[in-house]
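# Report on the structure
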Number of protein chains: 2
Amino acid sequence: MGHMAAQTQPKQSEAKLLVVEDDANILELLSASLRFAGFDVSTATSGSAAVSAAKNASPDLVVLDVMLPDLDGFEVIRLMREGGQRTPVVFLTARDGTEDKIRGLTLGGDDYVTKPFSLEELTARIRAVLRRTSQGDEAPSRLVFADLELDEETHEVYRAGQRVQLSPTEFKLLRYLMLNANRVLSKAQILDHVWKYDFRGDDNIVESYISYLRRKVDNVQPRLIHTLRGVGYVLRKPAV
Amino acid sequence: MGHMAAQTQPKQSEAKLLVVEDDANILELLSASLRFAGFDVSTATSGSAAVSAAKNASPDLVVLDVMLPDLDGFEVIRLMREGGQRTPVVFLTARDGTEDKIRGLTLGGDDYVTKPFSLEELTARIRAVLRRTSQGDEAPSRLVFADLELDEETHEVYRAGQRVQLSPTEFKLLRYLMLNANRVLSKAQILDHVWKYDFRGDDNIVESYISYLRRKVDNVQPRLIHTLRGVGYVLRKPAV
DNA sequence: ACAGCGGCTGAAAGTTGTCTGAGAAAGTAC
DNA sequence: GTACTTTCTCAGACAACTTTCAGCCGCTGT
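The rules behind each value
Each residue is numbered by its place in its chain's sequence as written, counting from 1. Whichever chain is written first becomes A and whichever ligand is written first becomes 1, with later ones labelled in order. Only residues with pLDDT of at least 70 get local features here, since the model is predicted, and only at 80 or more are side-chain atom pairs given and counted; chain-wide, interface and lining totals rely on the full set of residues. Each side-chain value is worked out from all heavy atoms of the structure, with water and hydrogens disregarded. Nearness is judged by heavy atoms alone; a residue qualifies as near a molecule or strand once a single heavy atom is within 4 Å of it. Counting of polar contacts relies on pairs of N or O atoms within 3.5 Å, with two restrictions inside protein: one atom must be capable of donating a hydrogen and the other of accepting it, and residues adjacent in sequence are counted only when both atoms are side-chain atoms. Note on residue categories: nonpolar means Ala, Val, Leu, Ile, Met, Phe, Trp, Tyr, Cys or Pro, charged means Asp, Glu, Lys or Arg, and polar means any other residue, Gly included. One speaks of a salt bridge when a side-chain nitrogen belonging to Lys or Arg is within 4 Å of a carboxyl oxygen belonging to Asp or Glu. The numbering of helices and of strands both runs from the N terminus, where a helix is a DSSP run of H or I of at least 4 residues and a strand a run of E of at least 2. The rule is simple: take the accessible area with a 1.4 Å probe, protein chains only, and divide by the maximum for that residue type; under 20% is buried, over 50% is exposed, in between is partly exposed. Each helix should span, by expectation, one fewer than its residue count multiplied by 1.5 Å. To obtain an axis, a line is fitted to C-alpha atoms, over the contacting stretch when the element is a helix, and the angle between two such axes runs from 0 to 180 degrees between their N-to-C directions. Angles below 35 degrees are treated as roughly parallel, those above 145 as roughly antiparallel, those between 65 and 115 as roughly perpendicular, and all remaining angles as oblique. Any pair of residues with heavy atoms lying within 4.5 Å of one another is described as a contacting pair. Working definition of a nonpolar core: buried Ala, Val, Leu, Ile, Met, Phe, Trp, Tyr and Cys residues. They are joined through side-chain atoms within 4.5 Å. Centres within 6.5 Å are what make two rings of Phe, Tyr or Trp a pair, Trp counting through its six-membered ring; a difference in plane orientation under 30 degrees is then read as stacked, over 60 as edge-to-face, and the rest as tilted. The criterion for a charge sitting over a ring is simple: Lys NZ or Arg CZ within 6 Å of the ring centre, and within 35 degrees of the ring normal. One bridge is not enough; two strands pair if DSSP finds at least two bridges between them.

Take the protein's contact with DNA strand D next. Around DNA strand D, a shell composed of 26 residues is seen, among which Ser 167, Thr 169 and Trp 195 of chain A together with Ser 167 and Thr 169 of chain B lie nearest. Here the atoms of DNA strand D within 4 Å of the protein split so that 63% fall in sugar or phosphate, with bases taking the remainder. Residue Thr 169 of chain A places a side-chain N or O atom 2.2 Å away from a phosphate oxygen belonging to DNA strand D. Within the side chain of Trp 195 of chain A, one N or O atom sits 2.6 Å away from a phosphate oxygen of DNA strand D. Its residues placed into classes, the surface near DNA strand D shows 12 nonpolar, 10 polar and 4 charged.

Residue and element names in this part refer to chain A. For the structure shown, the criterion picks out 40 salt bridges over all chains. One salt bridge connects Glu 207 with Lys 187, and the closest N-O pair in it is separated by 2.9 Å. Separated by 20 residues along the polypeptide, Glu 207 in helix H8 (residues 204-217) and Lys 187 in helix H7 (residues 187-194) bring together distant segments of the chain. In this structure Glu 207 comes out as partly exposed when scored by relative accessible area, which is 34%. Of the residues examined, Lys 187 reaches a relative accessible area of 25% and is grouped as partly exposed. Linked through salt bridges whose partners overlap, the residues forming this network are Arg 127, Arg 131, Glu 152, Glu 153 and Arg 175.

Attention now goes to the protein's contact with DNA strand C. Around DNA strand C sit 23 residues in total, of which Lys 187 and Thr 227 of chain A together with Lys 187, Thr 227 and Tyr 233 of chain B are the nearest. Gly 230 of chain A is positioned with one of its backbone polar atoms (N or O) 2.7 Å from a phosphate oxygen of DNA strand C. Within the side chain of Asn 204 of chain B, a nitrogen or oxygen atom sits 3.2 Å from a base oxygen of DNA strand C. Listing elements by their share of the surface near DNA strand C, those giving two or more residues are H8 of chain A together with helix H8 (204-217) of chain B. Residue contributions to the surface near DNA strand C peak at 7 residues, all from H8 of chain A.

Bringing helix H5 (residues 119-133) of chain B into the picture now. Residue pairs spaced three or four apart in an α-helix point in one direction, given the helix's 3.6 residues per turn. Residues and elements named next belong to chain B. Spanning 15 residues, H5 covers 21 Å between terminal C-alpha atoms, matching the ideal 21 Å at 1.5 Å per step. The buried fraction of H5 amounts to 12 of the 15 residues, a majority that puts the element mostly inside the structure. Those residues of H5 not exposed but buried are Leu 119, Glu 120, Glu 121, Leu 122, Thr 123, Ala 124, Ile 126, Arg 127, Ala 128, Val 129, Leu 130 and Arg 131.

Our focus in this paragraph is the packing of helix H7 (residues 187-194) of chain B against H8 of chain B. Residues and elements named next belong to chain B. Their axes nearest at 9 Å, the elements H7 and H8 cross at an angle of 85°. The angle between the axes of H7 and H8 places the two elements in the roughly perpendicular class. Side by side, H7 and H8 meet where Lys 187, Ile 190 and Leu 191 of the first sit next to Ile 205, Val 206 and Glu 207 of the second. Classifying every residue of the contact of H7 with H8 gives 4 nonpolar, no polar and 2 charged.

Core analysis: the largest hydrophobic core is formed by 28 residues, its most contacted members being Val 157, Leu 174, Ile 190 and Leu 235 of chain A. At the level of secondary structure, the elements contributing two or more residues to this core comprise strand E6 (142-145), strand E7 (148-151), helix H6 (168-179), H7, H8 and strand E11 (232-235) of chain A. Looking at which element gives the most residues to this core, the answer is H6 of chain A, with 6 residues. Formed by 27 residues, the second largest nonpolar core is a distinct cluster that contains Val 164, Leu 166, Tyr 176 and Ile 190 of chain B.

Bringing the packing of aromatic side chains into the picture now. Evaluated as defined, the whole model comprises 10 aromatic pairs over all chains. Ring geometry for Phe 117 of chain B against Tyr 197 of chain B: centres 5.1 Å apart, planes inclined by 85°, an arrangement best described as edge-to-face. Note that Phe 117 of chain B is positioned in the loop between strand E5 (111-115) and H5 and Tyr 197 of chain B in the loop between H7 and H8, a separation of 80 residues in sequence. On the basis of relative accessibility, which here comes to 1%, the residue Phe 117 of chain B falls in the buried class. Judged by centre distance (6.4 Å) and plane angle (45°), the ring pair of Trp 195 of chain B and Phe 199 of chain B falls under tilted. An aromatic cluster of three or more residues is present, and its members are Trp 195, Phe 199, Tyr 209 and Tyr 212 of chain A. Between the NZ or CZ atom of Lys 237 of chain A and the centre of the ring of Phe 145 of chain A, over which it lies, the distance is 5.0 Å.

Turning to the sheet that holds strand E4 (residues 89-94) of chain A, a few remarks are in order. All names here are of chain A. Strand order across the open sheet formed by 5 strands is E2-E1-E3-E4-E5, with parallel pairing between neighbours. The two strands at the open ends of the sheet, each matched to only one other strand, are strand E2 (40-44) and strand E5 (111-115). Geometrically, the sheet is characterised by an average inter-axis angle of 20° between neighbouring strands, direction not taken into account. Pairing of E4 with E5, which is carried by 5 bridges, proceeds in the parallel orientation. Its bridge partner lying in E5, Val 90 is registered against Asp 111. Packing against the sheet, helix H1 (residues 24-36) makes contact with strand E1 (16-20), E2, E4 and E5, and its axis sits at approximately 165° to E2.

Keep in mind these numbers describe shape, not what the thing actually does.
Set out below in structure tokens:
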């Protein structure tokens, strides 16, 4: 069957996101990468702008920094929902003292991630919330590639039917590889997506984790994780 | 092997609720989480609005704050019942003198919770009242998972046939775990649902109570309460 | 063939998350 | 009031996980 290499973009779901964040750097990071991930992204940099943007664009989900210059995140949500909108939310919160005092973020099917976060973490949450709230139909929480299975909800991983235990970073890396199966990923790219955006270490950590993953989930034939020397890594079935 | 993961939402009963509460934050808290719990929720923020909303929407149950800007809860109920409606009520009340006045009113199958309450507490009451009043097609008051049994009415808990004594919080936590069996619950999520909404402490209390529960109900094989490091807890049968 | 680069991996150090015992604080019963 | 239960906090121990480092191996190009 040689090659087919459906060179598709990750193509989430074409879901419409509204990203609300006052820090220009983070906003840029988010909107660029969420767009690349296949979302239809609009943005706002203040609470009041967010409320009206939500009215006009009626997004499927809002990514919302809780700390905003004018209104805080809770007010924004309250105003949005007073207008009859039932949009689910993924909150962004800082890990400072205020973090403990923030409660009620997981209600109504919403979720939150603390800064600094990794892009994989955020997109995983977004997808999970969309999955939960897009009522009724599909629930594809299980990624499958060859005889590798990864359940995003229960965090279970199987290789050739065998249950495998992964650490959090191993899990995130494997999910990233599976979401991008058949696509070559450079170490820099992996670092940017799987590690938190403030990580200042060396590429070598990716090599280390690839090594851990190989030992745990790629210790049987056929090998699925391949190194392209000087280029990166790719998850694919060996050529026949 | 692999999967079973009954991917159901908590899906209460599609019952129609009318929530009456003047505090915008609490109203948002209630409507978001009750909706997500599967109820069909409408809201009102004053006594007079409540009376007409009850006429129009004819809900199966009313969640009613006793302290309202115009009419108080008692008046609301009186007017509703003058109109011939015999809708059951769960009152929300502050822990003050009115608590006693409520007691007299709850003889007729109604119930009340005192502020601040936990969402588990409230939904448990709602479900209990609905169970009692929708006679005929009885809803089961007994939760069962593996050899764990929990009776919501008598508050009895059995593990492997053995009776186990739990404190109120232990009971609520276990019920929450059982209602969400096979679903991974973060500590934040547990805190948001099982603890009162004004709790300002830290996550560690969840760890403590998980520890208590394990000692009391998970001290035999197979272990059912599992830790997912960095993610949360899950009630499930061990991997096959 | 050899030098040099890139990648692999074992080991060790550093960090973080979870569990649990002890006890203070708050609540309840008698 | 006292005795008892329950809730909540704290800190130490421990285990799991992350990150770094250094040496080795093998590929690649000349």
